[in-house]
Structures are given as structure tokens and as C-alpha cells.
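What follows is each chain in one-letter form.
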Amino acid sequence: QSVVTQPPSASGTPGQRVTISCSGSSSNIGSNYVYWHQQLPGTAPKLLMYRNNQRPSGVPDRFSASKSGTSASLVISGLRSEDEADYYCAAWDDSLSGHVFGGGTKVTVL
Amino acid sequence: EVQLVESGGGLVKPGGSLRLSCAGSGFTFSNVWMSWVRQAPGKGLEWFGRIRSKVDGGTIDYAAPVKGRFTISRDDSKNTVYLQMNSLKTEDTGTYYCTYDSSGYNAFDIWGQGTVVTVAS
């Protein structure tokens, strides 16, 4: 059981907006930056967002993220077939003295 | 090109040992803190340890599930970090990734391709 909670699945049709939530606590999301990773089937994770809402170079601007209190969210605007993947939020946890990942959300493009 | 390559995975019996390696290239290996993340089959990502650079003390942190059984070390002359896994359990089965932050933003932006460890009798 992860200390950071994500819905197991989300879906949408091409062009739709999909939002993935990430719920933590004061020891992780509430006091540290949130990161998002995308994992395409059979591949290593890829950094998608860092420091709550920053996109690394090369990440399309249809991906955005935000954080409020002990929760965070990732938004995919204009969903595309290549966005079908698992998405993980992550943060440092001060109580555990370690990085924690959410359980992951599988995004399906219908 | 910045690259991390893991190796050493395989099949091992419960209670056995295995050593994984993670070789880096294309960057100044000695300057980075290296983390290990694993993923059980069909499950999510789990961070379980990191080793700081020597200049930052070279100290190591472990998550509770592996503390006392796993040991992380590094050989900067070989641009390699090692993961010695002892007393392996079936629940240690999964893909093991090494990763580090090249951005300076405490973000795991560089990942290896992973190596598969299977603990079964």
C-alpha cells in the first residue's frame, strides 16, 4: 500500500481532457515537490513533470500539473493515442526519509 | 549520450543472493547520487535506496523493505553502482532500475532500461 494514492485507471477519447489525481499527506506532497513519470508499456519510466508543474524539455505542453495542499493532479489536454501509458506521481517523504511513488494510474485512450 | 545500463539480473532461489550493476556513461558519474527503483510484475514503482556522491559523504539510505538485506555501493573508477541483494524473498521479484537526477531539480530524469530479477524455487 503506497502512502500516496492515485486512481488505478482513467480513460478518454482522443482530444479529450483527462485528469489524474494524487493524494498524499503533510509529510510528502504537503511539504515537498511533486514529480510525475510516464511509463509506456515495456519501457522504463520517463520524467514528465518536475517541481509540481514544470515540464522538462521535449514534453508536449498538453501535459500540465498542479499541487494544492496534500494533493496534486496531472492533466492531459487533447488526449492522443500515444499517451496510453501508466502515470506515477512521486514525492520525497520526510517521515519515511525516502521517495514515495503513487500506485500508478493506467490511462487508456478509447 | 547520457546512459545507464543495468545488468546482473536473473533467477535465484528464495534465500539466495544476487548482485546487480548499473554502469553510467556520458556524464560525470562521481558527482551524482544514484537511486534504485524496482517494479514488481504488474505493479507500481518502488524507490528503495540511494547512494550519495563521495563529495556529499557517500552515505546510503534504504527503505524499510530492503534494509539489512540489500547493500548499495559505488565504484566511481568504473562509473558503476552496485546493488548486493541477500536473503532474497519471492516478493523481491521484479524489474530493477537505477536512476539519477541530471537536472539539479531532484527529479529522476535519467533511467536505465532495467534488469529483471526473479526469486522462485
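Anything mentioned here points back to the structure above.
Residues numbered from 1 in each chain as written. Chains lettered and ligands numbered in written order. Predicted model: local features only at pLDDT ≥ 70, side-chain atom pairs only at ≥ 80, totals over all residues. Heavy atoms only, no water.

Ranked by size, the top nonpolar core spans 37 residues in total, and within it Phe-101 of chain A together with Met-34, Trp-36, Leu-83, Met-85 and Tyr-96 of chain B carry the most contacts. Aside from chain neighbours lying at most four places away, what touches Met-34 of chain B is Leu-4, Phe-29, Gly-49, Arg-50, Ile-51, Val-81, Cys-98, Thr-99 and Tyr-100 of chain B. One finds Ile-29, Ala-72, Ala-91 and Val-107 of chain A within the second-largest nonpolar core, a separate group that totals 24 residues. (Core = buried A, V, L, I, M, F, W, Y, C linked by side-chain atoms within 4.5 Å. Buried < 20%, exposed > 50% of the residue type's maximum accessible area, 1.4 Å probe, protein only. Contact = heavy atoms within 4.5 Å.)

All right, on to the interface of chain B and chain A then. Taken together, the contact between chain B and chain A spans 17 residues of the former and 16 residues of the latter. Where chain B abuts chain A, roughly 1,500 Å² becomes buried across the two surfaces, and 64% of that area is made up of carbon and sulfur atoms. Considering only the surface of chain B that becomes buried against chain A, Leu-45, Trp-47 and Tyr-105 of chain B emerge as the three largest contributors, covering 39% of it. For the pair chain B and chain A, the interface holds zero salt bridges. Across the chain B-chain A interface, the total number found is five residue pairs in polar contact (both at pLDDT 80 or more). If you list the elements that add at least two residues to the side of chain B that touches chain A, you get strand 4 (34–39) and strand 5 (45–51) of chain B. Class assignment for the residues of the side of chain B that touches chain A results in eight nonpolar, five polar and four charged. (Buried area = accessible area lost by both parts, 1.4 Å probe. Salt bridge = Lys/Arg side-chain N within 4 Å of Asp/Glu carboxyl O. Polar contact = N/O pair within 3.5 Å; in protein donor to acceptor, adjacent residues only side chain to side chain. Helix = DSSP H or I, 4+ residues; strand = E, 2+ residues; numbered from the N terminus. Nonpolar A, V, L, I, M, F, W, Y, C, P; charged D, E, K, R; others polar.)

Once that is clear, we can look at the packing of aromatic side chains. In the structure shown here, the tally under the stated rule is nine aromatic pairs over all chains. Relative to Tyr-105 of chain B, the ring of Tyr-50 of chain A lies with its centre 4.7 Å away and its plane at 10°, an arrangement referred to as stacked. Of this pair, Tyr-50 of chain A sits in the loop between strand 4 (46–49) and strand 5 (63–68) while Tyr-105 of chain B sits in the loop between strand 9 (94–100) and strand 10 (110–111), on two different chains. Since its relative accessible area comes to 32%, Tyr-105 of chain B is described here as partly exposed. Ring geometry for Phe-27 of chain B and Phe-29 of chain B: centres 6.0 Å apart, planes at 40°, overall tilted. (Phe/Tyr/Trp six-rings, centres within 6.5 Å; stacked < 30°, edge-to-face > 60°.)

Moving on to the sheet that holds strand 3 (residues 18–25) of chain B. Residue and element names in this part refer to chain B. The strand order 1-3-8-7 describes an open sheet built from four strands, whose pairing is antiparallel. Strands with a single pairing partner mark the edges of an open sheet, and in this sheet they are strand 1 (3–7) and strand 7 (70–75). In this sheet, neighbouring strand axes are inclined to one another by 15° on average, regardless of whether the strands run parallel or antiparallel. Of the pairings in the sheet, the one linking strand 1 to strand 3 comprises five bridges and is antiparallel in character. Within strand 3, the residue paired with Val-5 across the bridge is Ala-23. (Pairing = 2+ DSSP bridges. Axes fitted to C-alpha atoms, helices over the stretch in contact; angles between N-to-C directions.)

As far as function goes, none of this settles anything; it's purely spatial.
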